[in-house]
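Okay, here's what each chain looks like letter by letter:
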Amino acid sequence: MLTPQGLKGKQYRVTGNTYPRLGRPPKKSRKVIAALVGLLVLALISLGGLQLYDIFTGKGKNASAQACATPSGKPLAAPTPGATDAAGAPAAAQGDPHAVPQPSAVTVNVYNATTKGGLAGRTAEEFKKRGFVIGKVGNAPAELDKKVPGTAQVIAGPAGAGAGTLVGSQIAGAAVTADARTDGSVDFVIGDSYNTLLDETQAAAALALATKPSPTPTATGSC
């Protein structure tokens, strides 16, 4: 005795070449399937229409370009060479803290953070020969004394960003850091690895490299 699916629990005996016929799916099921197929067809037609509209109007291309052009964050302001106004005054005097000023507009405080005596005075003389204004000269404060392992640490505030770049270019391997001072002075703290300043030609090359603008990225067709 067999009870195939769709025969509603009825049992049939299979004899000879005659088999029970399976009934058609209920009309309600056929209507549901037809409705789903119709909705799928409408969705595909609508999607294709929107894509064609974007292609002909160019909106899809513009949206993609806008997404590529949107920066992820504000770029850091790079130091710039010492531009001058019509009177020949350094641009830094006009209120641009990132413009690299002339040495005569920069006050350098020279501190010795090593155990070698006399370094601060000799280094201050070298800065003076290059046109810098010399401020304080002496031993480093306690928080930096014997705690500068490199050649030097250059410290400037937001108003002296360009001046810090200029002073930092005078020595190889200097660490340039910022603090909260409000004036344009720069601290030059001599470290354990310090020997001497770069010669003026090397310092000029280091400054040119530090102020070299980054290449502008070109737009591409894809992100």
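Just above, that's the structure.
Each value, and the rule that gives it
- Residue indices follow the written sequence of each chain, beginning from 1 at its first position.
- Where local features are concerned, this predicted model is filtered to residues with pLDDT of at least 70; where side-chain atom pairs are given and counted, the filter is 80 or more; whole-chain, interface and lining totals use all residues.
- The side-chain numbers reported here are obtained from all heavy atoms of the structure, hydrogens and water having been left aside.
- Put simply, DSSP H or I for four residues or longer makes a helix, DSSP E for two residues or longer makes a strand, and each gets a number counted from the N terminus.
- By convention in these notes, a salt bridge is any Lys or Arg side-chain nitrogen within 4 Å of a carboxyl oxygen on Asp or Glu.
- Between any two strands, pairing holds if DSSP finds at least two bridges.
- Comment: axis = line fitted to C-alpha atoms, over the contacting stretch for helices; angle = value between 0 and 180 degrees taken between N-to-C directions.
- Contact between two residues is taken to exist if any of their heavy atoms lie within 4.5 Å; hydrogens are not considered.
- Stacked, edge-to-face and tilted labels apply to pairs of Phe, Tyr and Trp rings (six-membered ring for Trp) whose centres lie within 6.5 Å, assigned for plane angles under 30 degrees, over 60, and everything in between, in that order.
- Any residue under 20% of the maximum accessible area for its type is buried, any over 50% is exposed, and the rest in between are partly exposed; the area is computed with a 1.4 Å probe on protein chains only.
- Whether a crossover is right-handed depends on one test, that the path from the first strand over the helix to the second runs clockwise when the strands point away from the viewer.
- Residues enter a nonpolar core if they are buried and are Ala, Val, Leu, Ile, Met, Phe, Trp, Tyr or Cys, with the set joined through side-chain atoms within 4.5 Å.
- By arc we mean the arc of the directions from the helix axis to the C-beta atoms, nothing more.

Novice: Whenever I open this one, unusual backbone geometry confuses me. Can you help?
Specialist: As a rule of thumb, non-glycine residues mostly have phi less than zero, and peptide bonds are mostly trans rather than cis. The phi torsion at K146 lies on the positive side, around 60 degrees, for a residue other than glycine. Looking at the element boundaries, K146 is found in the loop between β2 (133–139) and β3 (152–156).

Novice: Would you mind showing me how to read the pattern of salt bridges here?
Specialist: Between side chains of opposite charge, a pair can form when the charged atoms approach closely. What the rule picks out here adds up to four salt bridges. Note that E126 is salt-bridged to K129, the shortest N-O span being 3.9 Å. With a gap of three residues between them, E126 and K129 both fall in helix α3 (residues 119–129), about one helical turn apart. Look at the salt bridges and you will find they share partners, linking D179, R181 and D187 into a network.

Novice: How should I be thinking about the sheet that holds strand β4 (residues 175–178) in this particular structure?
Specialist: The strands making up a sheet associate through backbone hydrogen bonding, with each pair oriented either parallel or antiparallel. Strand order across the open sheet formed by five strands is β2-β1-β5-β3-β4, with mixed pairing between neighbours. Of all the strands in the sheet, just β2 and β4 have a single pairing partner and so form its edges. Mean inter-strand twist for the sheet, computed between neighbouring axes without regard to direction, equals 20 degrees. The strands that α3 touches are β1 (107–112), β2 and β5 (186–190); relative to β1, the one it contacts most, it runs at about 155 degrees.

Novice: Mind showing me how you'd approach the packing of aromatic side chains here?
Specialist: In this description, a pair of aromatic rings is defined by centroid distance and the angle of the planes. This structure, assessed with the given rule, holds three aromatic pairs. An angle of 85 degrees between the planes, with centres 5.3 Å apart, marks the rings of F127 and F132 as edge-to-face. With a relative accessible area of 0%, F127 lands in the buried category. Among the residues examined, F132 registers a relative accessible area of 4% and is labelled buried. With centroids separated by 6.3 Å and ring planes inclined at 80 degrees, the aromatic side chains of F188 and Y194 adopt a geometry described as edge-to-face. Side by side, F188 and Y194 carry an identical accessibility label, which is buried.

Novice: In this structure, what is going on with the pairing of β2? I would like to understand it.
Specialist: Residues in a regular strand point their side chains to alternate faces of the sheet. Of the strand pairs in this sheet, β1 and β2 are connected by five bridges, and their pairing is parallel. By the bridge assignment for β2, T107 is matched with V133. Read from β1 through α3 to β2, the crossover connection turns out right-handed.

Novice: What is the right way to read the nonpolar core from this model?
Specialist: In summary, soluble globular proteins display a tendency toward joint burial of nonpolar side chains. Residues V106, V108, V110, F127, V167 and F188 are the most contacted members of the largest nonpolar core, which totals 22 residues. Put simply, the parts of the chain that give this core at least two residues each are β1, α3, β3, α4 (161–168) and β5. The dominant element in this core, judged by the number of residues it contributes, is α3, at four residues. Residues within four places of V106 in sequence aside, it is in contact with P101, F132, V133, A163, L166, V167 and V186. The next biggest cluster of nonpolar side chains, apart from the first, holds seven residues, and it includes Y111, A113, V148 and V189.

Novice: Just to check I follow, could you spell out α4 for this structure?
Specialist: For an α-helix, the turn length of 3.6 residues means that residues three or four places apart are oriented alike. The buried fraction of α4 is high, at seven of eight residues. Among all positions in α4, only G162, A163, G164, T165, L166, V167 and G168 are buried.

Novice: What exactly am I supposed to notice about α3 here?
Specialist: Of the positions making up α3, those classed as buried are L119, A120, T123, A124 and F127. Down the axis, α3 shows its buried residues gathered within 125 degrees of arc, on one side only. Opposite the buried face of α3, by more than 90 degrees, sit the exposed residues R122, K128 and K129. On its buried face, α3 sits against β1, β2, α4 and β5. Remark: G131 follows α3 within two positions and exhibits a positive phi of approximately 100 degrees.

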